[in-house]
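Chains, contacts and geometry: an overview
Each chain, letter by letter, is given below.
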Amino acid sequence: MKKIGILGSTGSIGTQTLDVIRENKELYEVVFISGHKNIELLNRQSLEFKPEYVVITDYDSYNKTKSMNFDATLLYGMDKIISLIDKEKIDILLNALVGNIGLLPTYTAAKNKVVLALANKESLVTAGHIIMKEVYNNNSVILPVDSEHSAIFQSLQGNDISSVEKLILTASGGPFRTLSKNEISNKKAYEALKHPNWDMGRKISIDSATLVNKGLEVIEAKWLFDIAPENIEVVVHPQSIIHSLVQYKDSSIIAQMGRPDMRLPIHYALNYPDRKPIQLERFDFMKYNQLTFEAPRRDVFPGLDLAYYSIEKGDSFPTIYNTVNEIMVHHYLKDQIGFYDITDTIEKELMNHRRIINPTIEDIIALDKEIRERLE
Ligand code: NDP
Ligand code: MG
């Protein structure tokens, strides 16, 4: 049995991880789960999967749990998450927290040689230079959960990264793919949340509409696969069947495909290097008789080029890109700002940023806090 810890078990990735576990309960022992505000769901998960520990990171929500029966040791706060990663002997940690709040868990896993199934891309975006150093120094393992990175990881099996010419990340293009800038500028959050192919958490759904998600993924790919950003290309593929591709130096391209269902990359990460059976709907070629490709519209969706700019600048610039985005998405979800205010503000903040050279984890957390205090 694999011992597993799940951070963000109440979210979109978290619940799908538990779906995968539910199907093969004999393979896994859930040691701990964490949630923030959704304590009713966390409670049901606790009674069903019987983890030893349940961590709640929102204080008011934690206080409300006093009258509830979790049948587990209830803990409060990020410190407790860190000490569980430190002390519990787990085989794999799945980090499905949303946002840069996932940074310390990712870093702790890399430092302590805990195998990490990583959905939380934001932590690699802001601190990839530190986390990957820990991974290499300690021989730790990060298994990507993000579908594009899982596809690349799968397409790299058996080949050396030195034989790769470029990585090709596919993007659905989001719900506004075909609209004009004018039309998009008036779109409200509820419209941006209607993703054509994927059912995801609210933050990443907005990121998909702005293409900031693809920008974050370019930076994530740079760190995960140790490849220069100029060798990472983005291709819009509206059907989301080809999840990403690797082009080798002999011109051959290897891709991974399948129906858009996050349970597949989750299942692959949990069982790597094995391919265990799972009851997911199989791909039907006749339902998709056309797979199409387009160039991303960089002028309409400036979020993509801003990511290349941030990672080229390096150091603390990707933290600006990520954290300003997190805050602006939060405002947009509350209908407080317009669609283009998200990327306009990222651009403005990047242009005004004074570089912190080779930022430490503490520097990144302090910078993240400073931006939040200023823009929230
Ligand atoms: P969700 O918003 O659905 O879930 C986020 C989880 O984090 C929930 O369990 C939530 O708890 C918890 N959480 C929220 N805020 C905090 C906080 N301040 N402190 C601690 N925990 C918190 O997000 P997703 O599952 O969609 O995304 C998770 C990560 O996976 C993101 O980095 C995203 O980019 C990535 N990802 C997601 C994909 C998807 O299909 N959803 C695909 C690829 C990557 P609660 O709900 O109890 O408040
Ligand atoms: Mg993705």
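Here is a short report on the structure shown in this document. Quick caveat, the model's predicted, so the values are computed rather than measured.

On to the packing of aromatic side chains, then. Throughout the structure, instances matching the rule amount to 11 aromatic pairs. The interplanar angle of 50° and the centroid separation of 5.0 Å between the aromatic rings of F153 and Y272 together place this pair among those described as tilted. In this pair, F153 is assigned in helix α7 (residues 147-156) and Y272 in the loop between α12 (263-271) and α13 (303-313), connecting sequence segments 119 residues apart. In this structure F153 comes out as buried when scored by relative accessible area, which is 16%. Taking the centre distance of 5.8 Å and the plane angle of 65° together, the rings of Y268 and Y272 count as edge-to-face. Judged by its relative accessible area of 5%, Y268 falls in the buried class. Each residue in the set F176, Y332, F339 and Y340 is aromatic and connected to the rest through ring pairs, giving one cluster. The ring of F49 is capped by K25, whose NZ or CZ atom sits 5.1 Å from the centre of that ring. The side chain of K313 reaches across the aromatic face of F317, ending 5.6 Å from its centre.

With respect to the helices, strands and loops of the structure, N120 is situated in the loop between β6 (116-118) and α6 (121-138). The class for N120 is buried, based on a relative accessible area of 0%. Those residues in contact with N120 that sit more than four places away from it in its chain are N95, L97, V98, G99, G102, L103 and T106.

Right, let's talk about unusual backbone geometry for a bit. Of the consecutive residues Y272 and P273, the connecting peptide bond is found in the cis state with omega at 5°. Along the polypeptide, P273 turns up in the loop between α12 and α13. Positive phi, normally seen in glycine, also occurs at K113, with a value near 60°. The backbone phi angle of D226 is positive, close to 55°, even though this residue is not glycine. Mapped onto the fold, D226 is located in the loop between α11 (212-225) and β9 (232-236). You can call D226 exposed: its relative accessible area is 60%.

Further remarks concern the site of ligand 1. Around ligand 1 sit 24 residues, and of these T10, S12, K37, N38 and E122 come closest. In this structure, G11 approaches ligand 1 through a main-chain N or O atom, which is 3.1 Å from an oxygen atom. A distance of 2.9 Å is found between an oxygen atom of ligand 1 and a backbone nitrogen or oxygen belonging to K37. Protein contact buries 86% of the 900 Å² of open area that ligand 1 shows by itself. Taken together, the elements giving at least two residues each to the shell around ligand 1 come down to α1 (12-23) and α6. Residues of the shell around ligand 1, tallied by class, amount to nine nonpolar, 11 polar and four charged.

Our next topic: the sheet that holds strand β1 (residues 2-7). Sheet strands associate in pairs through backbone hydrogen bonding, adopting either a parallel or an antiparallel arrangement. On the basis of which strands lie adjacent, the open sheet formed by seven strands has the order β4-β3-β2-β1-β5-β6-β7 and parallel pairing. The strands lining the two open edges of the sheet, one partner per strand, are β4 (73-76) and β7 (142-144). The average angle at which neighbouring strand axes cross in this sheet is 20°, direction not considered. Where β1 meets strand β5 (residues 92-95), four bridges bridge the pair, whose relative direction is parallel.

Examined against the element boundaries, V234 turns out to sit in strand β9. Placed 61 residues apart in sequence, V234 and A295 show a C-alpha to C-alpha distance of 7.7 Å. When sequence neighbours within four positions are dropped, the list of residues in contact with V234 reads L169, A171, K214, V218, P296, L304 and Y308.

The next subject is the pattern of salt bridges. According to the stated counting rule, one finds 24 salt bridges in the structure shown. One salt bridge connects R22 with D19, and the closest N-O pair in it is separated by 2.9 Å. Separated by three residues within a single helix, R22 and D19 lie in helix α1, roughly one turn from each other. A salt bridge links E349 to R374; its shortest N-O distance comes to 2.8 Å. Of this pair, E349 sits in helix α15 (residues 339-352) while R374 sits in helix α16 (residues 361-375), and the two are 25 residues apart along the sequence. With a relative accessible area of 8%, E349 lands in the buried category. Residue R374 is classed as partly exposed on the basis of its relative accessible area of 43%. Taken together, the salt bridges that share partners define one network made up of K121, D146, E148, K214 and E217.

Calculation notes
- Residues numbered from 1 in each chain as written.
- Chains lettered and ligands numbered in written order.
- Predicted model: local features only at pLDDT ≥ 70, side-chain atom pairs only at ≥ 80, totals over all residues.
- Heavy atoms only, no water.
- Phe/Tyr/Trp six-rings, centres within 6.5 Å; stacked < 30°, edge-to-face > 60°.
- Helix = DSSP H or I, 4+ residues; strand = E, 2+ residues; numbered from the N terminus.
- Buried < 20%, exposed > 50% of the residue type's maximum accessible area, 1.4 Å probe, protein only.
- Lys NZ or Arg CZ within 6 Å of the ring centre and 35° of its normal.
- Contact = heavy atoms within 4.5 Å.
- Near = heavy atom within 4 Å.
- Polar contact = N/O pair within 3.5 Å; in protein donor to acceptor, adjacent residues only side chain to side chain.
- Areas by Shrake-Rupley, 256 points an atom, 1.4 Å probe, with all protein chains shown as cover.
- Nonpolar A, V, L, I, M, F, W, Y, C, P; charged D, E, K, R; others polar.
- Pairing = 2+ DSSP bridges.
- Axes fitted to C-alpha atoms, helices over the stretch in contact; angles between N-to-C directions.
- Salt bridge = Lys/Arg side-chain N within 4 Å of Asp/Glu carboxyl O.

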